[in-house]
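Report on the structure
Now for the letters of each chain:
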Amino acid sequence: MEKSHFVNMGVKELLHELLENDNVQFGEIDMYNHIRKSTNNFEIKCVQLLYVDLLWFIEDISMTYENETYPLYILSELNNYHPHDLLKFRNPKVIIRLKETINYAHWEGHNQNENKLSTYLELASILNANNYNLGLKLKYKIIHINEYVNMFNDILKQLKIDIEVMMKDDEWRLKLVREKNVPQPKQPLTFIGLFKDEYKGKIPMFYNRLIANGYIDKNHNWRETDIKNEPAKVYFWLVNNGVIKPLIKSTPALICFCKEFGITAYNDNEPTPPTEIRAVTIKNLLKVKKSISSDEKEYFQNVFLSFLIK
């Protein structure tokens, strides 16, 4: 495949190629040209969007053990887990060993002033080197991804961009260009749209906390429970802690929130969904708003602490 073809690839398309193709020949000048082209000659907003694409791609790079996969975003959070949370994984002995290895290697994860790309790749290298006898290893070699990230970081230094500081500023987000006096169609409510901007990039961590604490399965379906309004308890707790946008009406927000986890929320005046569909009435969900106990609030605080930290 010609190098020019790689340079013209989309970001995620190229990253998949660099990760999975051991024979790809893509030098530093090629990476520089690809970053320059992808960011419209290093336009600042495009640089920030490239950072997001890189971050989300690297977070999902997985390590394997006995046919199980552990993405880096889960492995990076192990030090924040309560010991009881670790027992909820399918193979808790491996998870505990991984946490011990991370602690032994003194990998502390990223702080608010560090570039997350480098710390994720550092974690992957540490685990790959220290868990040889355990049999846990990266599914693919990450050398080319590492080279691409190093080039991106070098460009950030040349441009004097502190990407972590910049990503905290909501002004970087691309705004839709609206013509004056032209009414805009109302955009449908989405799950990610429920969250304040500062938490949108951490939604994978939110899923992670739900999985680790037995709320949802790996397909993000809410697990069967006797407490039918349990999703609403989590939703209103997020509202009270400033995670959910405050101006969104509760009924459409609850419908959207529940739908994300495979549950249909419906009004009393609507037909009852078929029995094979997991469903709950809006009326029952709204009752939760003022009924979350102090013990539940404390429990949620422990569960979602790492997600809340900005």
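Within any chain, residue numbers begin from 1 and follow the written order of that chain's sequence. The predicted nature of this model means local features are confined to residues of pLDDT at least 70 and side-chain atom pairs, given and counted, to a pLDDT of 80 or more, with totals for whole chains, interfaces and linings taken over all residues. With hydrogens and water set aside, each side-chain value is computed from the structure's full complement of heavy atoms.

**Re the overall build of the protein**
- Comment: elements are numbered from the N terminus, with helices defined as DSSP H or I runs of at least four residues and strands as E runs of at least two. Counting secondary structure elements, the protein contains 17 helices and five strands.
- Only protein chains enter the accessibility calculation, which uses a 1.4 Å probe. A residue is then buried if its area is under 20% of the maximum for its type, exposed if over 50%, and partly exposed in between. Relative to its full complement of 310 residues, the protein shows a buried share of 44%.
- By definition in these notes, contact holds between two residues if any of their heavy atoms fall within 4.5 Å. The contacts of the protein with a sequence gap of at least 6 include a subset with a gap of at least 24, amounting to 67%.
- Summed over its atoms, the accessible surface of the protein is roughly 17,900 Å², and 50% of this surface lies on carbon and sulfur atoms. Method for areas: the Shrake-Rupley scheme with a 1.4 Å probe, in which residue coverage is limited to the protein chains shown.

**Observations concerning the state of the cysteines**
- Throughout, disulfides are identified as pairs of cysteine sulfur atoms within 2.5 Å of each other. Per the stated rule, a full pass over the model turns up zero disulfides.
- Cysteine C256 is unpaired, with the sulfur of C258 as its nearest cysteine sulfur at 9.5 Å.
- Since its relative accessible area comes to 13%, C256 is described here as buried.

**Describing the confidence of the model for the protein**
- You can read pLDDT as the predictor saying how much it trusts each residue, on a scale of 0 to 100. Summarising the model, the protein shows a mean pLDDT of 78, and 82% of its residues fall at 70 or more.
- Confidence scores differ between elements of the protein, with helix 1 (residues 3-7) showing the lowest mean pLDDT of 60 and helix 13 (residues 230-240) the highest of 91.

**A look at the nonpolar core**
- We call a set of buried residues a nonpolar core when its members are Ala, Val, Leu, Ile, Met, Phe, Trp, Tyr or Cys and they connect through side-chain atoms within 4.5 Å of each other. Ranked by internal contacts, the top residues of the largest apolar core, which has 53 residues, are I58, L75, I145, Y148 and F152.
- Mapped by element, the contributors of at least two residues to this core are helix 2 (11-20), helix 3 (28-38), helix 4 (44-59), helix 5 (72-75), helix 7 (92-104), helix 8 (116-130), helix 9 (143-158) and helix 10 (163-167).
- It is helix 4 that provides the largest number of residues to this core, a total of eight residues.
- Here F152 is in contact with I35, V47, L50, Y51, L54 and L117, once residues within four sequence places are set aside.

**Re the pattern of salt bridges**
- The term salt bridge refers to a pairing of a side-chain nitrogen on Lys or Arg with a carboxyl oxygen on Asp or Glu at a separation within 4 Å. All told, the structure shown has three salt bridges when counted by the stated rule.
- Across the salt bridge formed by D197 and K200, the nearest N and O atoms sit 3.0 Å from each other. One end of the pair, D197, and the other, K200, are both in helix 11 (residues 197-200), three residues apart, so they sit about a helical turn from each other.
- Linking E224 and R278 is a salt bridge whose minimum nitrogen-to-oxygen distance equals 3.5 Å. One end of the pair, E224, is in the loop between helix 12 (203-212) and helix 13; the other, R278, is in the loop between strand 4 (264-266) and strand 5 (279-281), and 54 residues separate them in sequence.

**Some details on the packing of helix 2 against helix 4**
- Where helix 2 meets helix 4, the axes come as close as 10 Å, and the angle between the chain directions of the two elements is 40°. Here helix 2 lies oblique to helix 4, going by the angle between them. In the packing of helix 2 onto helix 4, the handedness of the crossing is right-handed. Here V11, K12, L15, H16 and L19 of helix 2 lie close against helix 4, whose contacting residues are L50, D53, L54 and F57. To get an axis, a line is fitted to the C-alpha atoms, and for a helix only the part in contact is used. The angle between two axes follows their N-to-C directions and goes from 0 to 180 degrees. Each angle is binned into one of four classes, with values under 35 degrees roughly parallel, values over 145 roughly antiparallel, values of 65 to 115 roughly perpendicular, and all other values oblique. In a left-handed crossing the near helix is turned counterclockwise from the far helix by less than a right angle, and in a right-handed crossing that turn is clockwise.

**Some thoughts on unusual backbone geometry**
- In this model, N41 sits at a positive phi of 65°, which is unusual for a non-glycine residue.
- Residue placement: N41 occurs in the loop between helix 3 and helix 4.
- Its relative accessible area of 53% is what places N41 among the exposed residues.

**Thoughts on the environment of H16**
- By the secondary structure assignment, H16 is in helix 2.
- Residues H16 and F57, 41 residues apart in the sequence, show an inter-C-alpha distance of 8.8 Å.

**Quick notes on the packing of aromatic side chains**
- Note on aromatic contacts: the rings of Phe and Tyr and the six-membered ring of Trp form a pair at centre separations within 6.5 Å, being stacked when their planes are under 30 degrees apart, edge-to-face when over 60 apart, and tilted otherwise. What the rule picks out here adds up to 20 aromatic pairs.
- In our convention, an over-ring charge means Lys NZ or Arg CZ found within 6 Å of a ring centre and within 35 degrees of that ring's normal. A cation over a ring is seen here: K202 above F307, with NZ or CZ 5.8 Å from the ring centre.

**Describing the packing of helix 4 against helix 9**
- Packing of helix 4 against helix 9 leaves a shortest axis separation of 12 Å and a crossing angle of 150°. Accordingly, the angle class assigned to the pair helix 4 and helix 9 is roughly antiparallel. Note on packing geometry: the crossing formed by helix 4 with helix 9 is left-handed. Between helix 4, through V47, L50, Y51, L54, F57 and I58, and helix 9, the contact on the second element is made entirely by I145, Y148, V149, F152 and L156.
- Residues are grouped as follows: Ala, Val, Leu, Ile, Met, Phe, Trp, Tyr, Cys and Pro are nonpolar; Asp, Glu, Lys and Arg are charged; every other residue, Gly included, is polar. Here the residues of the contact of helix 4 with helix 9 are counted per class, giving eleven nonpolar, no polar and no charged.

**Topic: helix 9**
- Residue count minus one, scaled by 1.5 Å, sets the expected span of a helix. In this model helix 9 runs 23 Å from its N-terminal to its C-terminal C-alpha over 16 residues, within 8% of the 22 Å that 1.5 Å per residue would give.
- Where helix 9 is concerned, the buried positions are H144, I145, Y148, V149, M151, F152, N153, I155 and L156.
- Of the residues one or two after helix 9, K160 is the one with positive phi, at around 55°.

**Quick word on the environment of A232**
- Considering the arrangement of structural elements, one finds A232 in helix 13.
- Along the sequence, A232 and I292 sit 60 residues apart, while their C-alpha atoms lie 9.9 Å from each other.
- When residues no more than four places from it in sequence are discounted, the contact partners of A232 are L254, L285 and V288.

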